[in-house]
Structure formats: C-alpha cells, structure tokens
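Architecture at a glance
One-letter residues, chain by chain:
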Amino acid sequence: QVQLVESGGGLVQAGGSLRLSCAASGSIFSINVMGWYRQAPGTQRALVARITSGGSTNYADSVKGRFTISRDDAKKTVYLQMNSLKPEDTAVYYCNVLAGGKFYWGQGTQVTVSS
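Keep in mind it's a predicted model, so treat the numbers as computed, not measured. (Residues numbered from 1 in each chain as written. Predicted model: local features only at pLDDT ≥ 70, side-chain atom pairs only at ≥ 80, totals over all residues. Heavy atoms only, no water.)

**Details of the packing of aromatic side chains**
This structure, assessed with the given rule, holds one aromatic pair. Pairing tyrosine 37 with tryptophan 105 gives two aromatic rings, centres 5.1 Å apart and planes at 65 degrees, and the pair type is edge-to-face. Pair noted here: tyrosine 37 is in strand 4 (residues 31–39) and tryptophan 105 is in strand 10 (residues 102–105), with a separation of 68 residues, a long-range link. Residue placement shows arginine 45 over the ring face of tyrosine 94; its charged tip is 3.7 Å from the ring centre. The lysine or arginine in question, arginine 45, covers the ring of tryptophan 105, its NZ or CZ lying 4.7 Å from the ring centre. (Phe/Tyr/Trp six-rings, centres within 6.5 Å; stacked < 30°, edge-to-face > 60°. Helix = DSSP H or I, 4+ residues; strand = E, 2+ residues; numbered from the N terminus. Lys NZ or Arg CZ within 6 Å of the ring centre and 35° of its normal.)

Below, the structure written as structure tokens:
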C-alpha cells in the first residue's frame, strides 16, 4: 500500500497560520491528484483543496484566498498553507492521493483554531 504521513497540525489563534504536509511513500510513483479534505464534528468529510499532476488547483469557496495548495513531485509531498485561520476551520484534515487508479488516505491531523 501507499502510505501517507501527515504533519503540521496543531492549535493556533484566529488570524494565524499553519502549514500542513503530506508525504507519500511506497511502490507507486505516478501520482495523479493530491488533495486535502477536512471533517468537523457532526459534519461529513469535505474537499478543501486539490492539485493535479499538471498543477491545476481547486479550492472550496470557504478557503479561497486564504489557503494555498502546492506539490513537490520529487518529494511526493503535498502542502496546504493555511493563512487567516478562522474558528470554523477547526477540523481533522486528511490528505488524499489518487495514484494508479486508487485512492489513498492519510491518518488525519487535527487543526484547532481558537477565537
């Protein structure tokens, strides 16, 4: 299996910033799409941002202008730079990778934004 290791979560005050990282490892080397999802208590998991192998990006409306997704192919790592964080951004953030026609999920990292 492909393994995804997430890091960078934590507690931050409203208006602050965090950078999430997700590093992929395993036998697969052709990664089509990498993205971030989040799930707050009592809600369904929802797309935050994604980036394709060609560099195209998509963002949820709620994070446009505040979050930036990027990719380092050499390191097989996807990043999520989160600026101007709001309490409503509080959630468990999950890395997702589409590779070889299969989806893979990270273990999740908690992001808590205090007001």
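**Topic: the nonpolar core**
Judged by nonpolar contacts, the single largest core of 28 residues is most densely connected at Trp36, Leu80, Met82 and Tyr93. Listed by contribution, the elements that provide at least two residues to this core are strand 3 (18–25), strand 4, strand 5 (46–52), strand 7 (67–72), strand 8 (77–82), strand 9 (91–99) and strand 11 (109–114). Here this core gets five residues from one element, more than from any other, and that element is strand 9. (Core = buried A, V, L, I, M, F, W, Y, C linked by side-chain atoms within 4.5 Å. Buried < 20%, exposed > 50% of the residue type's maximum accessible area, 1.4 Å probe, protein only.)

**Structural notes on unusual backbone geometry**
Residue lysine 76 is not a glycine yet carries a positive backbone phi of 50 degrees. Considering the arrangement of structural elements, one finds lysine 76 in the loop between strand 7 and strand 8. One non-glycine residue, serine 84, lies in the positive phi region at around 50 degrees. Tracing the backbone shows serine 84 in the loop between strand 8 and strand 9.

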